[in-house]
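# Residue-level structural notes
This is what each chain is made of:
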Amino acid sequence: MYKILKKESFSERVFKLVIEAPRIAKARRPGHFVIVRVGEKGERIPLTIAQADVKAGTITLVVQAVGKSSKKLCALQEGDSITDVVGPLGKETDIKKVGTVLCAGGGVGVAPLLPIVEGFHKAGNRVIVVLAARTKDLIILEEQMRAVSDEVIIMTDDGSYGNKGLVTEGVEMVIKREKVDECVTIGPAIMMKFVAEVTRKYNIPTIASLNTIMVDGTGMCGACRVTVGGKTRFVCVDGPEFDAHQVDFNEMLSRLSAYKELE
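Residues numbered from 1 in each chain as written. Predicted model: local features only at pLDDT ≥ 70, side-chain atom pairs only at ≥ 80, totals over all residues. Heavy atoms only, no water.

In the annotation of an unreviewed UniProt entry, the protein is listed under the name Dihydrdoorotate oxidase B, electron transfer subunit and assigned to Porphyromonas macacae.

Below, the discussion takes up the UniProt feature "binding site: [2Fe-2S] cluster" (unreviewed entry) in the protein. According to UniProt, the positions carrying the feature "binding site: [2Fe-2S] cluster" (unreviewed entry) are C221, C224 and C236. By the secondary structure assignment, C224 is in the loop between β13 (206-209) and β14 (225-228). Accessibility expressed as a relative area gives 2% for C224, which makes it buried. (UniProt positions renumbered as here; feature names shortened; annotations may be inferred. Helix = DSSP H or I, 4+ residues; strand = E, 2+ residues; numbered from the N terminus. Buried < 20%, exposed > 50% of the residue type's maximum accessible area, 1.4 Å probe, protein only.)

To continue, consider the pairing of strand β5 (residues 58-64). With 6 of its 7 residues buried, β5 lies for the most part within the structure. In this sheet, β5 lies alongside strand β4 (residues 45-53) in antiparallel orientation, the contact comprising 4 bridges. Its bridge partner lying in β5, D53 is registered against T58. Between β4 and β5, which pair antiparallel one after the other, the connecting turn spans 4 residues, and G57 there sits at a positive phi close to 70 degrees. (Pairing = 2+ DSSP bridges.)

A few words on helix α5 (residues 167-177). Taken residue by residue, α5 has V167, T168, G170, V171, E172, V174 and I175 as its buried positions. Buried-residue contacts for α5 involve β8 (100-106), β9 (126-133), β10 (151-156) and α6 (189-201). (Contact = heavy atoms within 4.5 Å.)

Okay, the nonpolar core next. Soluble globular proteins tend to bury their nonpolar side chains together. In terms of nonpolar packing, the biggest core is built from 34 residues, with L102, V167, V171, I175, L210 and F249 touching the most fellow members. Looking at this core element by element, the count peaks at 6 residues for α6. Apart from the residues lying within four places of it in its own chain, the contact partners of L210 are M192, V226, V235, P240, F242, V247, F249 and M252. (Core = buried A, V, L, I, M, F, W, Y, C linked by side-chain atoms within 4.5 Å.)

This part covers the side chain of K7. Residue placement: K7 occurs in strand β1 (residues 2-9). A distance of 2.5 Å separates a polar atom in the side chain of K7 from the backbone oxygen of C74. Within the structure, K7 has its side chain in polar contact with the backbone oxygen of L76 (distance 2.9 Å). The residues contacting K7, other than those within four sequence positions of it, are F15, K16, L17, C74, A75, L76, Q77 and E78. (Polar contact = N/O pair within 3.5 Å; in protein donor to acceptor, adjacent residues only side chain to side chain.)

Across all of its chains, the model carries 0 aromatic pairs by this definition. Across the ring face of Y161, the terminal group of K136 is positioned such that the distance to the ring centre comes to 5.2 Å. (Phe/Tyr/Trp six-rings, centres within 6.5 Å; stacked < 30°, edge-to-face > 60°. Lys NZ or Arg CZ within 6 Å of the ring centre and 35° of its normal.)

Let us look at the domain arrangement of the protein. Accessible area lost on assembly of the parts is the figure often given for the size of an interface. Segmentation of the protein into domains returns domain 1 (2-89) and domain 2 (100-257). On a C-alpha basis, the centroid separation for the pair domain 1 and domain 2 is 21 Å. Each partner contributes to the interface: domain 1 provides 18 residues, whereas domain 2 provides 20 residues. At the boundary of domain 1 with domain 2, total buried surface from both sides reaches about 1500 Å², with 66% on carbon and sulfur atoms. Of all residues in domain 1, F33, R44 and T48 give up the largest surface area on contact with domain 2, accounting jointly for 28% of the area buried on that side. Linking domain 1 with domain 2 are 0 salt bridges, by the criterion used here. Remark: the boundary between domain 1 and domain 2 carries 0 residue pairs in polar contact (both at pLDDT 80 or more). Secondary-structure elements contributing two or more residues to the side of domain 1 that touches domain 2 are β2 (14-20), β3 (33-37), β4 and β5. Here the side of domain 1 that touches domain 2 takes 5 residues from β4, the largest share from any one element. Of the residues belonging to the side of domain 1 that touches domain 2, the class tally is 10 nonpolar, 5 polar and 3 charged. (Domains from an automatic or database assignment. Buried area = accessible area lost by both parts, 1.4 Å probe. Salt bridge = Lys/Arg side-chain N within 4 Å of Asp/Glu carboxyl O. Nonpolar A, V, L, I, M, F, W, Y, C, P; charged D, E, K, R; others polar.)

Quick look at the pattern of salt bridges now. Using the criterion set out here, one finds 12 salt bridges in the structure. In this structure, R37 engages D84 in a salt bridge whose closest nitrogen and oxygen atoms are separated by 2.5 Å. Of this pair, R37 sits in strand β3 while D84 sits in strand β7 (residues 84-89), and the two are 47 residues apart along the sequence. The partly exposed category is assigned to D84, whose relative accessible area is 23%. With a shortest N-O distance of 2.3 Å, R177 and E151 are connected by a salt bridge. Residue R177 is found in helix α5, and its partner E151 is found in strand β10; the two are separated by 26 residues along the sequence. Under the relative-accessibility criterion, R177 is labelled partly exposed at 42%. For E151, a relative accessible area of 24% corresponds to the partly exposed category.

Okay, structure coming up:
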């Protein structure tokens, strides 16, 4: 059992959970995820690790209450325990000094982006972050991002905070003013698709995290199949990060909507 030490609400449906998991905290690297299960017969939920504190022996997860299982997890309170937390899983982010790294995050995708931003910054890169959401209240982890990056640009659809516009507008604004050596994008599949289209125009290597399509987390269920460079890949064991310019996002978007009526 894994005790919830702290719970914080980012919005009506998005929560931050700090969980006691010393072994996972010690082994975790940027890009890793865990599988969470609430109850002995609970569904397996893959969640990317937002932060880890080795001294405190904790990991931080950011969860959006969408379906039955995620709502059950978000209903837990401080002091409650999660039945299973398995990990760290997946391949860690390839972090090295490349120059200027542009990181674009949207929605709860900002959470797994945080350790990647921190990693690139520690490696000696200039790191610029573009955070995007529909409105001001949905921007998360801004303060934490500012602490580990050189610049944070906020984009909101309604203009209620930062700049009015889409994430792609913020990304292109940065690319037009200075040389960008690498881009990392995490968020809704449609967002990552259009960020990749922008960076492709400028021939900027781009990594996308496809964690949103994972289900089982072990490669056994096959639900996270994606086509990358014309070949079938499994996000949970081959990723979750891939060359964004090689991902067939149209296929991924089609598969993500397969069970929409049942959610």
